[in-house]
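Here is what each chain is made of, one letter per residue.
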Amino acid sequence: MQSVYYERARDIAHALQLGSQPGARFIAGGTNLLDLMKGDVEHPVKLVDVTHAGMDQVYEQPGGALRIGATARNSDAANHPLVRERYPLLTQALLSGASPQLRNMATTAGNLLQRTRCPYFTDTAFDRCNKRMPGSGCGARDGWHRMHAILGASDACIAVNPSDMNVALAALEAVVVVAAAGGERRIPMADFHRLPGKTPQVETALQPGELITGVELPPPRFNRCHYLKLRDRASYAFALVSVAVLLQMDGGTIRAARIALGGVAHKPWRVPEAEALLAGVQLTDEVGRQVAANLLAGASAYPDNQFKLELAQRAVVRALRNAAESREGA
Ligand code: SF4
């Protein structure tokens, strides 16, 4: 049995101080980290509880942006009136994830840092996983890989990011706000998560000791949205493929679009060139297929996840159609 120290931070400065020790980890809901500790995958020396560090609020900022605190519960964020009214895409994505009980505990920052559900990573009975044991190999490549990546993977790792919230935040072009001993920095969602490359164990742009304090959503400028999640069962399942769509529509014409894919890569997948294809056009399924082909350019699969290539293509077309036909509000 491994001992672990626990300390509760009273504010952000206190959290940074407590978290500066090597091997310290921040914790709030614990819905992912505690599972991984019990599974012998994560071994923090100290847990710094940031639940009471004053980061659980959702509030409007000057200029119309919205700040969602790092420890705001997923259920609270999803159901906050300003989120429901201005960012229904985020509400849809959050409510499609996990179960009500988990959403009542899970937090914004925890969701951002949620680790892959690849079974070779979460089960220490497997002896090959570059993410868990760098240099040991990837058990999924010649093993079970039905849920795995079709875009942005490397020889070292073909895992996917399991979060729904992250996909919506990517489409919304959110900014992750981070506190460190040297001050605050802001990381665009597009740069927050990394592709695996040769170091799949490094999953985000966070530096040791840095603390996520919140996520900032830019002022809303889209009037249609849809989050489509395709999975093996109707609830409490990770996405095989998901699609977050934001459209700015003027009558039947699309003025601007943002699209992010989930379940297909190590990070939410965006291709600005694909989004640009929608500017100034009327949506048809043929246009949707062109956008999907652009989004999925370079995709490749292993035997068990071949189906994702067509599933993702069809999902993009359907999500675009659903977004265009949705009620006003994004
Ligand atoms: Fe590990 Fe990534 Fe391979 Fe899964 S896909 S076994 S997480 S290296």
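Residues numbered from 1 in each chain as written. Predicted model: local features only at pLDDT ≥ 70, side-chain atom pairs only at ≥ 80, totals over all residues. Heavy atoms only, no water.

By the naming in an unreviewed UniProt entry, the protein goes by Xanthine dehydrogenase family protein subunit M and is assigned to Pseudoduganella rivuli.

Caption draft 1: Structural detail: the packing of helix α12 (residues 285–295) against helix α13 (residues 307–324). Contact geometry for α12 and α13: axes closest at 8 Å, N-to-C directions at 130°. By the angle between their directions, the pair α12 and α13 is classed as oblique. Crossing geometry of α12 relative to α13 is assigned as right-handed. In this structure, α12 contributes D285, G288, R289, V291, A292 and L295 to the contact, and α13 contributes Q313, V316, V317, L320 and R321. (Axes fitted to C-alpha atoms, helices over the stretch in contact; angles between N-to-C directions. Helix = DSSP H or I, 4+ residues; strand = E, 2+ residues; numbered from the N terminus. Parallel < 35°, antiparallel > 145°, perpendicular 65-115°, else oblique. Left-handed = near helix turned anticlockwise from the far one by under 90°. Contact = heavy atoms within 4.5 Å.)

Caption draft 2: Structural detail: the sheet that holds strand β9 (residues 224–230). The sheet built from four strands is open, its strands ordered β9-β10-β11-β12 with antiparallel pairing. Each of the sheet's edge strands pairs with one partner strand only, and the pair in question is β9 and β12 (281–282). Here strand β10 (residues 241–250) pairs with strand β11 (residues 253–262) via nine bridges, running antiparallel. Along β11, the bridge assignment pairs V245 with I259. In the packing of α13 onto the sheet, the strands contacted are β9, β10 and β11, and the crossing angle to β10 comes to about 30°. (Pairing = 2+ DSSP bridges.)

Caption draft 3: Structural view of unusual backbone geometry. The backbone of A98 sits at a positive phi, close to 55°, despite the residue not being glycine. Here A98 shows up in the loop between α5 (88–95) and α6 (100–105). Judged by relative accessible area, which is 32%, A98 ranks as partly exposed. In this model, E173 sits at a positive phi of 55°, which is unusual for a non-glycine residue. Structurally, E173 can be placed in the loop between α9 (165–171) and β6 (175–180). (Buried < 20%, exposed > 50% of the residue type's maximum accessible area, 1.4 Å probe, protein only.)

Caption draft 4: Summary view of the packing of aromatic side chains. Evaluated as defined, the whole model comprises one aromatic pair. Residues Y120 and F126 carry aromatic rings whose centres are separated by 4.5 Å and whose planes lie at 50° to one another, so their mutual orientation is tilted. On the accessibility criterion, Y120 (11% relative accessible area) is buried. Given the relative accessible area of 33%, F126 is considered partly exposed. (Phe/Tyr/Trp six-rings, centres within 6.5 Å; stacked < 30°, edge-to-face > 60°.)

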